[in-house]
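# A look at the structure
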Amino acid sequence: MTEPPARAGTDVVVELRGIKKSFGATEVLHGVDLTIHTGEHVVVFGPSGSGKSTLLRTINLLEEPSEGSVRLLGVEYGPGLPGERGRRGGPLQLRRHVGMVFQQFNLFPHLTALHNISLALRSVKGLGRREAEARAAVALRQVGLVRWAGHFPAELSGGQQQRVAIARALSLDPKVMLFDEPTSALDPELVGEVLAVMRELAESGMTMVVVTHELNFAREIGDFNVFMDQGSIVECGGAGFFDTCTNPRTRQFMEAVL
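Notes on the structure in this doc start here. All values derive from a computational prediction rather than experimental measurement.

### A word on the sheet that holds strand S2 (residues 26–37)
As summarised here, the arrangement of the 4 strands in space is S2-S1-S4-S5, forming an open sheet in which the pairing is antiparallel. Two strands in the sheet have a free side with no partner beyond their single neighbour: S2 and strand S5 (75–76). The pairing of strand S1 (residues 12–23) with strand S4 (residues 67–72) spans 5 bridges and is antiparallel. Considered in S4, the bridge of Lys20 is made with Glu67.

Written out as structure tokens, the structure is:
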């Protein structure tokens, strides 16, 4: 199943059409379509191995699609659809507009929180040291960690490390933020502080795509909700989806986890 027609009233940021991804002889995504609009919060959920993270990673070409079209702000970055022509960009150009937060924090252990962020600004944006550190401090303030700017990752809790990772992605001023199960590596008591930052981002109007097992959080922030199974979108819908979905597989999954 593909998604319904585009939701009216907002500009399209990301458009995926006919996305297929194979690893060797195994096809893990089977022609997936997904459209993401400005300011929208898209939640992708489903059982392990359903292709959620692979789909997310195709948006910034960490996984190159085997087939299909990846468009960001009207520019084609993926293999494209047969017969289509248009402006094409490369992965580095795309990633200047897309922030991504992973399950693991991916912080450099020998750098402080401030310098983990300023390094990204210097390498991606080409900023000088002073300007990069100033912007890094602003990003840390956004996630409530400016007091910990001088701390190394080993001196921070898992939740704090993930918040630094979010600040690093935010500092690059992305058009869309991708979250790949950002709380799955955290102890349960630390999950809430990361979700609180994500909730604030959603309320600020940030365009977000979130792969998560935190379905109560998904129910709270999801403008457009996508249930995946076996490499395909089984069912999707807007606000109220969790109460109105009708597909038996979707209902079975939610009854098992909620």
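### Some remarks on unusual backbone geometry
Within the chain, Leu73 stands out as a residue other than glycine whose phi angle is a positive 55°. With relative accessibility at 39%, the residue Leu73 sits in the partly exposed group. Look at Glu181: it is not a glycine, yet its phi comes out positive at around 45°. Mapped onto the fold, Glu181 is located in the loop between strand S7 (176–180) and helix H6 (188–203).

### Brief notes about the sheet that holds strand S3 (residues 41–45)
Taken in spatial order, the 6 strands of this open sheet run S6-S7-S8-S3-S9-S10, and their pairing is mixed. The two strands at the open ends of the sheet, each matched to only one other strand, are strand S6 (98–101) and strand S10 (232–237). Direction aside, the axes of adjacent strands within the sheet are offset by 15° on average. As judged from the 4 bridges shared by S6 and S7, these two strands associate in the parallel manner. Each residue of the ladder has a partner; that of Val101, found in S7, is Phe179.

### Some thoughts on the packing of aromatic side chains
Applying the stated criterion across every chain, the model contains 6 aromatic pairs. Measuring from ring centre to ring centre gives 5.4 Å for Phe45 and Phe227, while their planes differ by 50°; the resulting arrangement is tilted. Remark: Phe227 occurs in strand S9 (residues 224–229) and Phe45 occurs in strand S3; sequence separation between them is 182 residues. Classification of Phe45 as buried rests on a relative accessible area of 0%. Ring centres 6.2 Å apart and planes at 70° place the aromatic pair Phe45 and Phe241 in the edge-to-face group.

### Some thoughts on the state of the cysteines
Under the counting rule described, the total for this entry stands at 0 disulfides. You can see Cys236 has no disulfide; the closest cysteine sulfur is in Cys245, sitting 11 Å from it. Cys236 gets classed as buried once you look at its relative accessible area, which sits at 10%. Overall, the relative accessible area of 6% leaves Cys245 in the buried class.

### A few points about helix H4 (residues 129–142)
Note that an α-helix has 3.6 residues per turn; residues three or four places apart therefore point the same way. A rise of 1.5 Å per residue sets the reference length of H4, with its 14 residues, at 20 Å; its end C-alpha atoms lie 20 Å apart and thus fit the reference within 8%. Residues of H4 that are buried: Ala132, Glu133, Ala136, Ala139 and Leu140. Taken around the axis of H4, the buried residues stretch over an arc of 120°, which confines them to a single face. Of the exposed residues in H4, those oriented more than 90 degrees away from the buried face are Arg130 and Arg141. Where H4 is buried, its residues meet helix H3 (113–125) and helix H5 (158–171). Remark: Gly144 follows H4 within two positions and exhibits a positive phi of approximately 75°.

### Some thoughts on the side chain of Asp180
Along the chain, the position of Asp180 falls in strand S7. No salt bridge forms around the buried Asp180; measuring N to O, its nearest opposite-charge neighbour Arg57 is 5.2 Å away. One polar contact links Asp180 to Ser53, side chain to side chain, over a distance of 2.6 Å. In this structure Asp180 touches Ser53, Leu56, Met100, Val101, Phe102, Gln103 and Val211, once residues within four positions along its chain are discounted.

Analysis parameters
Residues numbered from 1 in each chain as written. Predicted model: local features only at pLDDT ≥ 70, side-chain atom pairs only at ≥ 80, totals over all residues. Heavy atoms only, no water. Pairing = 2+ DSSP bridges. Helix = DSSP H or I, 4+ residues; strand = E, 2+ residues; numbered from the N terminus. Buried < 20%, exposed > 50% of the residue type's maximum accessible area, 1.4 Å probe, protein only. Axes fitted to C-alpha atoms, helices over the stretch in contact; angles between N-to-C directions. Phe/Tyr/Trp six-rings, centres within 6.5 Å; stacked < 30°, edge-to-face > 60°. Disulfide = S-S within 2.5 Å. Expected span 1.5 Å × (residues − 1). Arc of directions from axis to C-beta. Contact = heavy atoms within 4.5 Å. Lys, Arg positive; Asp, Glu negative; His and termini not counted. Salt bridge = Lys/Arg side-chain N within 4 Å of Asp/Glu carboxyl O. Polar contact = N/O pair within 3.5 Å; in protein donor to acceptor, adjacent residues only side chain to side chain.

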